[in-house]
Amino acid sequence: MIIGILNSGGDCPGINAVIEGFVSAAYKRGWRVIGFHDGFEGLLPIESGRRYELLTPQGTHKIRAHGGTILGTTSTGNFAVRVNKLGRAQVEPTTMAKAKKTITALGLQALAVIGGNGSARTASLLSEEGLPVISIPKTINNDLCPASDYTFGFQSAVSVVTESIDRIRTTANAHQRIMVIEVMGDLSGWIALHSGISSAADVVLIPEIPFELDHVVECIKARKQAGQREIIVVVAEGARLNGQLITVRNKDNGNERLGGIGNRLCHELEERVGIESRYCVLGHTQRGGSPCAFDRILGLRFGVEAVKLIEQNQFGRSVVLQGLNVGSVPIKEAIAAPRIIHADSQLVRTARDLGIIFGDRAPGSISSVDHTSSTSTDETSA
Ligand code: F6P
């Protein structure tokens, strides 16, 4: 039996672990694996030769430790799902026909697609066309589907951000500055929330909890008046400043992309609090480098689970992590809604008890633990 695998959309730590697990489990069953280059584009024929290769256990052994992807990927191209006038996601029929022709010509019995929301939508369309597809969720944002407690890439990103904030804190302390750190997350705040807790940030601003700048300023002033030297503010790229998403125009393709709130927020705080402030955009450092142990193991497990689903002829499904177990749900269920933070969740309540400021005026958001003296300060008393 011969099966295929590709990855599409943004890269992230752990993709190679998925590929290694998939190839290892397939060969244990006497199957062969073809890896397609640069996302779904690898399914399209080109004059200059093929855009796929035979993957073997020897060729993929230990790639679990490597960031990026040995197959290459793309976030654009012919398969970027477009929504038609009826609001239905579609891929050009001629493109779809070419993909089906390649899959048939190679005699593939199944195709595993490693990807984020857009790629999973494309996988779902291929599945609706009758192709034997398995989807494997991939994003550092951890926002892909409510059905998966974690996606690989997320813990690695949180580790990079945590280490970066620890470094930034030393200079913030030396200069008694406010440091604003902008992190990825698209329209979710998972990276900001987890890294804010792990690095003892003072303020965590996320899309799911609208914040009032005046309240953030009051809280920071209270901590400065209590003698705190440095202030650490973590802001998710999808958080809204005065209700507005901050975006940058991408010169080459003209698309608006999230980014820039760190800069804007830094200048607002410097002006209103009256303290030297700087900002740092961690950007693609959150997507690069070797995956942490958790993501290597989760990626390998996802790859093996995909082979088991193929063995059981369970197509049109997405691999997920539920609690400690890897399982699967229909692809459509996996992409039905993003996985976002609930303001009354246990983790947010814990963060508030640790003194993290979310900038809202929800109950429990006003008491702050004063780390510089024995009494605790009430932020509104300032
Ligand atoms: O979706 C993951 C993500 O890292 C977002 O958080 C970020 O805004 C985007 O991808 C960046 O994408 P690109 O690689 O196209 O710049």
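The structure we're discussing is the one just above.
Residues numbered from 1 in each chain as written. Predicted model: local features only at pLDDT ≥ 70, side-chain atom pairs only at ≥ 80, totals over all residues. Heavy atoms only, no water.

> I'd like a rundown of the site of the ligand, residues and numbers included.
For the ligand, the full set of nearby residues is Ile 140, Asn 141, Met 184, Gly 185, Asp 186, Glu 237, Arg 257, His 284 and Arg 287. Contact between the ligand and Arg 257: an oxygen atom at 3.5 Å from a side-chain N or O atom of the residue. Here the ligand loses 71% of its free accessible area of 400 Å² to cover by the protein chains. With respect to the detected pockets, the ligand is housed in the largest pocket. In terms of residue class, the shell around the ligand is made up of 2 nonpolar, 3 polar and 4 charged. (Near = heavy atom within 4 Å. Polar contact = N/O pair within 3.5 Å; in protein donor to acceptor, adjacent residues only side chain to side chain. Areas by Shrake-Rupley, 256 points an atom, 1.4 Å probe, with all protein chains shown as cover. 1 Å grid on protein atoms, 1.4 Å probe; cavity = no way out; pocket = protein on both sides within 12 Å on 5 of 7 lines; lining within 4 Å. Sits in = over half its atoms within 2 Å of the grid points. Nonpolar A, V, L, I, M, F, W, Y, C, P; charged D, E, K, R; others polar.)

> Give a detailed account of the nonpolar core, specifying residues and quantitative values.
Ile 5, Ile 19, Phe 22, Ile 136, Phe 152, Phe 302 and Phe 358 are the most contacted members of the largest nonpolar core, which has 59 residues in total. Every residue in contact with Ile 5, bar those within four places of it in the chain, is listed here: Ile 19, Phe 22, Val 33, Ile 34, Gly 35, Phe 36, Leu 55, Leu 71, Leu 111, Ala 112 and Ile 114. The next biggest cluster of nonpolar side chains, apart from the first, holds 24 residues, and it includes Leu 44, Tyr 52, Leu 108 and Leu 131. (Core = buried A, V, L, I, M, F, W, Y, C linked by side-chain atoms within 4.5 Å. Buried < 20%, exposed > 50% of the residue type's maximum accessible area, 1.4 Å probe, protein only. Contact = heavy atoms within 4.5 Å.)

> Got a sec to walk through helix H4 (residues 117-128)? Specific residues and values, please.
Between the first and last C-alpha of H4 there are 16 Å, a value that for 12 residues agrees with the 16 Å anticipated at 1.5 Å per step. Every buried residue belonging to H4 is among Ser 119, Ala 120, Thr 122, Ala 123, Ser 124, Leu 125 and Leu 126, and all of these are buried. Residue Gly 130 follows H4 closely and has a positive phi angle near 90°. (Helix = DSSP H or I, 4+ residues; strand = E, 2+ residues; numbered from the N terminus. Expected span 1.5 Å × (residues − 1).)

> For the environment of Cys 292, give the residues involved together with the corresponding values.
By the element assignment, Cys 292 lies in the loop between strand S15 (277-281) and helix H9 (293-311). A sequence separation of 134 residues divides Cys 292 from Val 158, and the C-alpha atoms of the two residues are 9.8 Å apart. If near-sequence neighbours (up to four positions away) are discounted, Cys 292 is found in contact with Gln 155 and Ser 156.

> Which residues make up the sheet that holds strand S7 (residues 133-137), and what values go with them?
Sheet architecture is open: 7 strands sit in the order S3-S2-S1-S6-S7-S16-S17, paired in mixed fashion. Unpaired on one side and paired on the other, strand S3 (52-55) and strand S17 (325-330) mark the two borders of the sheet. Averaged over all pairs of adjacent strands, the angle between strand axes in this sheet comes to 30°, irrespective of strand direction. Taken together, the 2 bridges between S7 and strand S16 (residues 317-322) define a ladder with parallel strand orientation. (Pairing = 2+ DSSP bridges. Axes fitted to C-alpha atoms, helices over the stretch in contact; angles between N-to-C directions.)

> Describe the pairing of S7, with residues and values.
Burial within S7 is extensive, with 5 of its 5 residues counted as buried. Covered by surrounding structure in S7 are Val 133, Ser 135 and Pro 137 together with Ile 134 and Ile 136, the residues of both alternating faces. Across 5 bridges, the pairing between strand S6 (residues 111-115) and S7 is parallel. Across the sheet, residue Ala 112 finds its bridge partner in S7, namely Ile 134. In this fold, the crossover linking S6 to S7 by way of H4 has right-handed handedness. (Right-handed = clockwise from strand over helix to strand, strands pointing away.)

> Can you explain the pattern of salt bridges? Please cite residues and give values.
This structure, assessed with the given rule, holds 19 salt bridges. A salt bridge links Arg 177 to Glu 276; its shortest N-O distance comes to 2.9 Å. Of the two residues, Arg 177 sits in the loop between helix H5 (154-175) and strand S8 (178-183) while Glu 276 sits in the loop between helix H8 (261-273) and S15, which places them 99 residues apart along the sequence. With relative accessibility at 12%, the residue Arg 177 sits in the buried group. Taking relative accessible area as the criterion, Glu 276 reaches 35% and is therefore assigned partly exposed. (Salt bridge = Lys/Arg side-chain N within 4 Å of Asp/Glu carboxyl O.)

> Residue-level account of the pairing of strand S1 (residues 2-7), with values.
In terms of residue burial, S1 counts as a mostly covered element, since 6 of its 6 residues are buried. Side chains Ile 2, Gly 4 and Leu 6 project from S1 onto one buried face, and the interleaved Ile 3, Ile 5 and Asn 7 project onto a second face that is buried too. Of the strand pairs in this sheet, S1 and strand S2 (residues 32-36) are connected by 4 bridges, and their pairing is parallel. Pairing of Ile 3 across the sheet is with Val 33, part of S2. Note on the crossover from S1 through helix H1 (residues 15-28) to S2: the handedness is right-handed. Inspection of the sheet shows S1 paired to S6 by 4 bridges, in the parallel sense. Within S6, the position partnered with Leu 6 by the bridge is Val 113.

Everything listed here is a matter of coordinates, which is why it stays silent on function.
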